[in-house]
Amino acid sequence: MNTSGHAADGVRDDTTGLHLTPFRGLRYVPERVGSLAAVMSPPYDVVVRPDGLLHLESADPHNIVRLILPQAITAGTRHRKAAVTLDRWLADGVLAPDPEPALYVYEQSGDGILQRGVIGALELSTPAEGVVLPHEDVMPHVVEDRAALMRTTAANLEPLLLTYVGAEEGGAAAVIESTVRREPLFSTTTEDGFQHRLWAVTEPAELAVIAGELAHHQALIADGHHRWATYLRLREEHAAPGPWNYGLVLLIDTARYPLRVRSIHRLLNRLPVADALAALGDAFRVRRIDRPLPVALEALEAAAAEGNAFLLAGDGTFHLLDRPDPALLDRTIRTDRPQAWRTLDATVLHSTLLEHVWHIPDAPEDIAYIHDTEAAVAQAERRGGTAVLMHPVREEVVRDLARQGVTMPRKSTSFGPKPATGLVLRSLALD
C-alpha cells in the first residue's frame, strides 16, 4: 500500500509536485576569462584534493573552485574569502546577472552520452512530503560546512542533480527539444572531452508548459544530498517566504536520458591493508589478485553478481572479498529495514566491516570518500591505508528504496554525468 502521497510510478495524483521557477542566473562573462572551460569545475565533492584542486586553481584565476572550495586556515575565513571573491568578481564584471529570469536548458555530450535537462530554482520540500526523495544519509559536518558557505555568500553556487520520469509526449521534453535547435548562450568543451551547451528559456508560454508538467511529478535526488539538506537547514533559518525557500537544481528526465550509476569508494586512512586482512578471519572469502586494476575490477563485477563483494587495495596488489559469513551478517545488520537495503554492499560495508570487524569510526579523519577508482588506489598506496573499491548499485534499487522512504548509507551511489559547476549561479539577492 502506498501511503507517501505519490503514485508508485512517480506521477503525482495531484498538483503538489515539483515547483520549478525561473531565476536571474549569474554567468561568467566570456570576455573577462581565459575560456569558459577553464573556469568550470566538477562538483565540490568530486574534486580530488589536493592535486585536482591545485590543477583547477591554476587553470584560470577565476575558476569556480575558488568559490566552492576556498582555501584558508579556518572554516570561517574560508567562507568569508569565498564571499569576498564573489563580490569582487561581480564588481569587476567577471560574473554578471542575466537581464531577466529564466529556466536554463543544459546539454552535456561525450563518452557516448547525450544528456539534457532543465536548471531552475526548485521550491524546497521535506522528504515526508514525497515530492523530492532522498536515497542516502548525510554527514552533519558536511552539511554544516555547505550551510556556512551558502549563508556567507548568499548564493547557490552549483546545481544539484535530480531525476524524474517525464510524460511520454509533449510537455517539458518538447520545450527542451525545440530549445536546443536555437543558438546557445554558450558552448564549450572541458578537458574531459565533454561538450557543454546552455540556453535560456524566457518565453512565458514555454515556461508554463515546463511548470505544468513538473507539477505532476516527484524527483529523486541523484547527486547533492548534502546540499539539499543544506537548503532545508537555511530555509528554517529564514522563516519568511522568500528566496531561501528555493534551491538551484538540474532536473533530468531519465525516461529519455538515463543516467550512469557508479560507485563511490572508501579510503580508510588509518588502516593498513595487512591489518584489514588480518582482522577478517573467516568473515569473508579472500582472494589475492596480482593483476592490473581493470582485471581486478572485472573480478569484482563477477563476484558482485553473486552477492556482496569488495576489492581492497593499498599494498601494491588487490584482494577480493566475497561470500560473507551469513551468521555474521545476521548479527551485525539491523532487521527493521527491507531486504533490498539489508543486502546492499554499502550496508554490509558500514554495518559489518567498518563497525564490527575493523572498528573504524565514522569520522572524516578515518574515512574519505573518493569517486575516481585510480585516485582511490593511488591515495591508499601513498598514505599506507586501505581503499575499499565498491560495485555500483542499480538505479531501480535506489528509486524503489527511496519511494519506501528508506535511505541508503551515505555516499552509496554516484549518478552521472554530473552537471559542471560554473555554468550558472543563483544569487539570492537577485530573487
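In what follows, the structure referred to is the one given above.
Here is a short report on the structure shown in this document. Because the structure is predicted, anything quoted here is derived from the model rather than measured.

We now examine unusual backbone geometry. Only a minority of non-glycine residues have a phi that is not negative, and only a minority of peptide bonds are not trans. At the junction of G416 and P417, the peptide bond is cis and its omega measures out at 5° in the coordinates. Position of P417 relative to the elements: it lies in the loop between β20 (414–416) and β21 (425–427). Despite not being glycine, A154 has its phi angle at roughly 50°, a positive value. Structurally, A154 can be placed in the loop between α5 (140–153) and β7 (155–156).

Across the sheet, six strands lie side by side as β15-β17-β16-β19-β14-β18; this open sheet has antiparallel pairing. For this open sheet the edge positions go to β15 (285–289) and β18 (367–370), each flanked by a neighbour on one side alone. In this sheet, neighbouring strand axes are inclined to one another by 25° on average, regardless of whether the strands run parallel or antiparallel. Packed on one face of the sheet, helix α10 (residues 293–304) meets β15, β16 (309–313), β17 (318–322) and β19 (386–389) and runs near 155° to β16.

Following the sequence through the fold, A299 ends up in helix α10. For A299, a relative accessible area of 24% gives the class partly exposed. Each C-alpha atom of the pair A299 and L311 lies 8.9 Å from the other, and the pair is 12 residues apart in sequence. In contact with A299, other than residues within four places in its own chain, are I289 and L320.

Take the nonpolar core next. I119, W228 and W358 are the most contacted members of the largest nonpolar core, which totals 115 residues. With six residues, the single largest contributor to this core is helix α13 (residues 345–357). Sequence-distant contacts of W358, defined by excluding residues within four places in its chain, comprise L268, L271, A276, A279, L280, L312, L349, L353 and V388.

Cut-offs and rules
- Note that residues are indexed from 1 along each chain, following the sequence as it is written.
- Two thresholds apply to this predicted model, a pLDDT of at least 70 for residue-level local features and 80 or more for giving and counting side-chain atom pairs, whereas whole-chain, interface and lining totals are computed over all residues.
- Side-chain figures throughout are based on the complete set of non-hydrogen atoms in the structure, without hydrogens or water.
- For helices the rule is a DSSP run of H or I covering at least 4 residues; for strands it is a run of E covering at least 2, with both sets numbered from the N terminus onward.
- Strands are treated as partners if at least two bridges between them are detected by DSSP.
- A fitted line through C-alpha atoms serves as each axis, taken over the contacting stretch for helices, and the angle formed by two N-to-C directions is quoted from 0 to 180°.
- Here, residues are in contact when the closest pair of their heavy atoms is within 4.5 Å.
- We call a residue buried when its accessible area falls under 20% of the maximum for its residue type, exposed when it is over 50%, and partly exposed in between, using a 1.4 Å probe and counting protein chains only.
- In these notes, a set of buried Ala, Val, Leu, Ile, Met, Phe, Trp, Tyr and Cys residues joined through side-chain atoms within 4.5 Å is what counts as a nonpolar core.

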